[in-house]
Structures are given as structure tokens and as C-alpha cells.
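Chain residues, written in single-letter form:
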Amino acid sequence: MSGHRVAVVPGDGTGPEVIAEAVKVLKAAADVFGFSMEYGDLDLSGERYLRTGQTLTAGDLDFLQQHDAILFGAIGHPEVKPGILEQEVLLRLRRELDQYINLRPVKLHQGVVSPLAGVTAEDVDFVVVRENSEGLYSGEGEFTAKGSAFEVAVQKSVNTRFGVERCVRYAFELASSRPGRHLTLCGKTNVLTYAWDLWQRVFDEVSSDYPDVTTAYAHVDAACLWMVEDPARFDVIVTDNMFGDIITDLGAAIQGGLGIASGANLNPSGVSMFEPIGGTAPGFEGTGKINPLAAIGAAAMMLDFLGERAASQAIESAVGQVAGSLPSLRAGEMGSTTTEVGDRVAHLVSKEEPAEATR
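### Quick look at empty space enclosed by the protein
Enumeration over the complete set of coordinates arrives at one cavity of 30 Å³ or more. As for the largest cavity, its lining consists of Leu91, Arg94, Arg95, Asn132, Ser133, Tyr137 and Asn241. Among the elements that take part in the lining of the largest cavity, helix H4 (residues 84–96) stands out by supplying three residues, more than any other. Split by residue class, the lining of the largest cavity holds two nonpolar, three polar and two charged.

### Focus: the sheet that holds strand E4 (residues 101–107)
With respect to topology, 10 strands assemble into an open sheet ordered E2-E1-E3-E12-E11-E4-E5-E10-E8-E9, the strand pairing being mixed. Here the strands that pair on one side only, and so sit at the sheet edges, are strand E2 (35–41) and strand E9 (214–219). Ignoring strand direction, the axes of neighbouring strands in this sheet form an average angle of 25 degrees. By the bridge criterion, five bridges tie strand E1 (residues 2–11) to strand E3 (residues 69–74) in an arrangement that is parallel. By the bridge assignment, valine 9 is partnered in E3 with phenylalanine 72. Where helix H6 (residues 195–207) meets the sheet, its contacts fall on strand E5 (125–131), strand E8 (182–187), E9 and strand E10 (236–239), and the angle it forms with E8 comes to roughly 165 degrees.

### Quick word on the pattern of salt bridges
Applying the stated criterion across every chain, the model contains 20 salt bridges. Taking the shortest distance from any N to any O, the salt bridge between arginine 178 and aspartate 125 comes out at 3.8 Å. Taken together, the residues arginine 178 in the loop between helix H5 (161–177) and E8 and aspartate 125 in strand E5 connect sequence positions 53 residues apart. Classification of aspartate 125 by relative accessible area gives partly exposed; the value is 39%. In this structure, arginine 178 engages aspartate 235 in a salt bridge whose closest nitrogen and oxygen atoms are separated by 2.8 Å. Remark: aspartate 235 occurs in the loop between helix H7 (220–229) and E10 and arginine 178 occurs in the loop between H5 and E8; sequence separation between them is 57 residues. The burial state of arginine 178 is the same as that of aspartate 235; both residues are buried. Sharing partners across several salt bridges, the network here consists of Glu21, Lys24 and Asp343.

### Notes on the packing of aromatic side chains
What the rule picks out here adds up to six aromatic pairs. Ring centres 5.2 Å apart and planes at 40 degrees place the aromatic pair phenylalanine 172 and phenylalanine 203 in the tilted group. Placement of the pair is phenylalanine 172 in helix H5 and phenylalanine 203 in helix H6, with a sequence separation of 31 residues. Accessibility classification places phenylalanine 172 together with phenylalanine 203 in one group, the buried group. Each member of the aromatic cluster is reached from another via a ring pair, and the members are Phe172, Phe203 and Tyr210. In this structure, lysine 146 packs its charged tip against the face of phenylalanine 143, placed 4.2 Å from the ring centre. Looking at arginine 166, its charged tip hangs above the ring of tyrosine 100, at a distance of 3.8 Å from the centre.

Cut-offs and rules
Residues numbered from 1 in each chain as written. Predicted model: local features only at pLDDT ≥ 70, side-chain atom pairs only at ≥ 80, totals over all residues. Heavy atoms only, no water. 1 Å grid on protein atoms, 1.4 Å probe; cavity = no way out; pocket = protein on both sides within 12 Å on 5 of 7 lines; lining within 4 Å. Points joined across faces, edges and corners; volume = space filled by probe spheres on them. Helix = DSSP H or I, 4+ residues; strand = E, 2+ residues; numbered from the N terminus. Nonpolar A, V, L, I, M, F, W, Y, C, P; charged D, E, K, R; others polar. Pairing = 2+ DSSP bridges. Axes fitted to C-alpha atoms, helices over the stretch in contact; angles between N-to-C directions. Contact = heavy atoms within 4.5 Å. Salt bridge = Lys/Arg side-chain N within 4 Å of Asp/Glu carboxyl O. Buried < 20%, exposed > 50% of the residue type's maximum accessible area, 1.4 Å probe, protein only. Phe/Tyr/Trp six-rings, centres within 6.5 Å; stacked < 30°, edge-to-face > 60°. Lys NZ or Arg CZ within 6 Å of the ring centre and 35° of its normal.

This is the structure we're talking about:
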């Protein structure tokens, strides 16, 4: 029996509620598919910061590095100044654990209504590979004459060949494993002529190692247009940190909303982190109205990363079935409580036949 150690970080707001449902489903999958999971809880939250002044400590990092993966809820608190938790917890986690890939599947499940007229599940099934450690999120920049009428603020986009190439190569590997075998580079080569000159050159060079993958280029504004007009044209998209942050939220809307959107911060050879994308959902904490499917989907992505692919597929299938049966994926409009939705997914997973899982 294989075993895995998972660090669980519930966080703030509705994070603990949706993570509880994800763990419930993970336990059901472990029972059916014959693997063990050991869970270690860690408080990384705005509440802790307000109590202690601590964000991410050396002890926290040591704890996380003793686990195989991290299941993360959400972080954010109305009494904490914007930027503190994002910079000192989320972005630091990505840098310290070298989680250089942000992976966001965009998939419309059968029965889920997209806001795009006439779009069906067959039209929406692509993945965005976002560089996760450089670009405008590197924290480089400066003020000149701050607070004066002549103030200048400079935010630098830092892109290294090493960082770009490993992201692009990951995207080509992913594209080569999918039926479509197509990869789109999404950038802005006509205006951002330093960073995107590097990205384009690296993309072209790496493409020669993957003759089975067809390629395309799209300016980010055109990519947004095509994601709305013709999402079926995309299979895998690779892009930088900022553009990836923006287009993946558009992708979440296309697939039915943040209630179904899951993501991963990957170190392919290290400790990776899996999370729902919807954040803390202020106002819904404690109401039982938040949708846990994104957190459960993140758990499925985590199992795939850990090598439990049959269990991962079973959870994804169950998530799709439940999502397609709900009147809405929006919080408060599901027609079921948070716990009831989690129970339905766990029940479907528990009905899986172990023999099917090992074929």
C-alpha cells in the first residue's frame, strides 16, 4: 500500500469549510483505491498574523518540506493590509518551495451551463501553464520622489532564461501528453519587446524538441477574445505570471465560475501546493452555502501529482457528475449545502470498483 503525507492549510474565511469536504473525499478515495494518507495541519492565516505578527516562518517551511504535498484553502483577512499575506505567505511559499509552475485546468463539465452562448462541454477543455516565480510578481521595483507631485513608480518584470525555459518545457511536455498536442504561447511581443523577445526565442528553440506538438502564438488581448469566441481552439496555453493570473480567471468564468476552478502550484520534483481559486469568499463563512467542488477538484489534482491517477480520475468524474446536477455553481445558489455537496462526491467515489482502478 502506498502512503502519502499531506500538509493541510485551511486558512481563512471559507477555506476550512471547503478543505474539510476535500479531505472527506480523499478519505473515501483512499479506502477504495488502497492507499494511505497522513495529514498534518498548519495554521497559515490572517487570524494567526493578527495574533502573533507571524506570516511564514522557518519552522513553517520545515514542516511543509516534510510532506509530499500541500492542500491549501484560502488566505486573507479584512483587518490585514492588502499585500502582506499575499507577498509574505503565498508568493514566499512559491519561491521558497520553488513552485515554478501554476497549473489551471479549464474544463466545462457536462450539464454545467457556461455564460458563453452555445458553448458545450466539448468546446472547453484546455490547460493554462503560468510561470509562477518571476515576471511582475518578482517584487522588483522602486519609487522616486514618493509622495511628491513628481513621483515615479517603477515595477519591473524579471524574466530569466532559466525560468522561462523550464516553464516552456513543462508546457511542451504537458501538450505532448494530451490528445490535442497543441501549445499556444500567449504574450505581447509587439509592445513588451524585452521580456517577450526572450519568451518567443526560448519557445521557438524548445519547440524543435517536440515535433509532435503543433504551436501557435497569440497576443494576450487576442487570446482573451478567442477564449470567449472560440475556446475550442485552445489545448495548452503557456504564459507569464501576470498574463496567466488574468486569463485563468476568465477561464474560470467560462467553465462555470470560481466554484469549480482548481489550481496547482507545482514543483515537479518537490513539494507542490493545490488549492481552490475562489479565495476566502467573505460573507459566506459559516453559512454552509459555499461550493466545495473547487477544493475537491484540487484534491484530485494532488492525487494525480502523487501518482494515484485512478483515484484522481474517479474524483474528477464524481465532481463532474455533481457539478452537472446542481442548479448553479454559485455560492448560495447550489440547492444543497456545502456538506451535502461533499457527501455526494464522496458517495460517488466510494461506489467505485477497486478492480477498475487498477486496470
